Amino acid sequence: ELVFLTTFLLFSFVRYLDPSINHTEQPMDFAFLNAMFISGMGAPIDPWMKDANISYYYFGYWMFGNIGKITAVRPEIAYNLTMATVPSLVAISVFGLASTLLKKIPKLSTRFLFGSISVIATILLANLQGFMELMRQNMIGSSIFWKSVCIDGMTEEITTVVDSWRPVDFWWWFKASRITNYFGNECDLQGIDYTITEFPFFSYLLGDLHPHIMSAPFL
């Protein structure tokens, strides 16, 4: 319960800082959640085609939409509460799994520690792109180094004096979900394999309520 509550409060605060549902694919996700609110029995109705059912993975919207209806909250509130509930469910699932695997360790505090580390590793840790952004922002690394790293948007060193020690570009953190690419022999070429490498915290921060996010606790 403590793990769930701590995680829920953390991500509720994240949604409090940015509760809007107005960018990327959020409007589509919100439409599906709304469809669950106004549907009767059976599959949710399609928001775009009258009298048709949603041809999409709708079970997550069905579950959390029903919880929203039972608790009598508005769909937009249910959307943001779901974005806080999902990582909380992931946290207790991972904590329970890690603690069970270590059940032969007699000391409860040790099992709690490793369970907590497992939770942090699952829902908060990411790849090294954020650290490398800090390096680049503080003019660490040569042009050759950044060309060898070859992350789209980070192929050149910063040579001008900057006012901030941290990245301030609009959505600079979005590059962390697109760090895998193939540019041939030269990094200056156009990438041909723009692979999506999203990790849990990226999705929780972005706020898209996708099926692959809602399925994580149950997987």
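Residues numbered from 1 in each chain as written. Predicted model: local features only at pLDDT ≥ 70, side-chain atom pairs only at ≥ 80, totals over all residues. Heavy atoms only, no water.

> Even after reading the chapter, I still don't get the overall build of the chain, so can you show me in this structure?
When helices and strands are counted, the chain shows nine helices and zero strands. The N-to-C order of helical and strand elements in the chain reads α-α-α-α-α-α-α-α-α. Projected onto its principal axes, the C-alpha coordinates of the chain cover approximately 60 × 55 × 35 Å. Burial status across the chain gives 37% buried among its 219 residues. Pairs at least 24 residues apart make up 60% of the contacts formed inside the chain by residues separated by at least 6 positions. (Helix = DSSP H or I, 4+ residues; strand = E, 2+ residues; numbered from the N terminus. Buried < 20%, exposed > 50% of the residue type's maximum accessible area, 1.4 Å probe, protein only. Contact = heavy atoms within 4.5 Å.)

> Can you walk me through a nonpolar patch on the surface in this structure?
On the surface, Leu 10, Ile 120, Leu 124 and Leu 125 cluster together to form a nonpolar patch covering roughly 330 Å² of accessible area. Turning to its location among the elements, Ile 120 is positioned in helix α5 (residues 108–123). The class for Ile 120 is partly exposed, based on a relative accessible area of 43%. (Patch = residues over 30% accessible without salt bridge, like charges linked within 9 Å, V, L, I, M, F, W, Y side chains within 5 Å. Areas by Shrake-Rupley, 256 points an atom, 1.4 Å probe, with all protein chains shown as cover. Salt bridge = Lys/Arg side-chain N within 4 Å of Asp/Glu carboxyl O.)

> Got a minute to help me understand the pattern of salt bridges in this structure?
Oppositely charged side chains may form a pair once their charged atoms are brought near each other. Tallied over the entire structure, the rule returns three salt bridges. A salt bridge links Lys 175 to Glu 133; its shortest N-O distance comes to 3.1 Å. Taken together, the positions of Lys 175 in the loop between α7 (143–149) and α8 (200–206) and Glu 133 in helix α6 (residues 129–137) put the pair 42 residues apart, joining distant regions of the chain. By relative accessible area, Glu 133 is classed as buried at 4%. Between Glu 156 and Lys 147 there is a salt bridge; the shortest N-O distance is 3.2 Å.

> For this particular structure, what's the right way to read α6?
One turn of an α-helix holds 3.6 residues; hence residues three or four places apart share an orientation. Looking at α6, one finds that the buried residues are Gln 129, Met 132, Glu 133, Met 135, Arg 136 and Gln 137. Buried residues belonging to α6 abut α7. Just beyond α6, the residue with positive phi is Met 139, at close to 60°.

> Could you clarify how one ought to interpret unusual backbone geometry in this entry?
Leaving glycine aside, a negative phi is the common case for residues, and trans is the common case for peptide bonds. Positive phi values are uncommon outside glycine, yet Asp 51 reaches one of about 65°. Although it is not a glycine, Cys 150 sits at a positive phi angle of roughly 60°. Structurally, the position occupied by Cys 150 is in the loop between α7 and α8.

> Even after reading the chapter, I still don't get the side chain of Thr 85, so can you show me in this structure?
Relative to the elements of secondary structure, Thr 85 occurs in helix α4 (residues 75–101). With a relative accessible area of 18%, Thr 85 lands in the buried category. Apart from the residues lying within four places of it in its own chain, the contact partners of Thr 85 are Phe 4, Phe 8 and Phe 64.

> Hey, could you run me through the side chain of Arg 136 in this one?
Among the secondary structure elements, Arg 136 is positioned in helix α6. Buried and unpaired, Arg 136 has Glu 133 as its nearest opposite-charge partner, separated by 4.8 Å. The contact partners of Arg 136, leaving out residues within four places of it in the chain, are Trp 146, Gly 153, Met 154, Glu 156 and Ile 158. (Lys, Arg positive; Asp, Glu negative; His and termini not counted.)

> Got a minute to help me understand helix α2 (residues 26–38) in this structure?
When the terminal C-alpha atoms of α2 are compared, their 18 Å separation across 13 residues agrees well with the 18 Å that a helix rising 1.5 Å per residue should span. Within the span of α2, buried status applies to Gln 26, Asp 29, Phe 30, Ala 31, Phe 32, Leu 33, Ala 35, Met 36 and Phe 37. Residues of α2 that are buried in the fold lie against α1 (2–17), α3 (59–70), α4 and α8. (Expected span 1.5 Å × (residues − 1).)

> It is not clear to me how the packing of aromatic side chains should be interpreted in this structure. Could you clarify?
Given two aromatic rings, their pairing is described by the distance between the two centres and the angle made by the two planes. Following the criterion strictly, the structure yields 19 aromatic pairs and no others. For the pair Phe 59 and Trp 62, a centre-to-centre distance of 5.6 Å together with 15° between the ring planes defines the contact as stacked. Taken together, the positions of Phe 59 and Trp 62, both in helix α3 and three residues apart, correspond to about one turn of that helix. For Phe 59, a relative accessible area of 53% puts it in the exposed group. (Phe/Tyr/Trp six-rings, centres within 6.5 Å; stacked < 30°, edge-to-face > 60°.)

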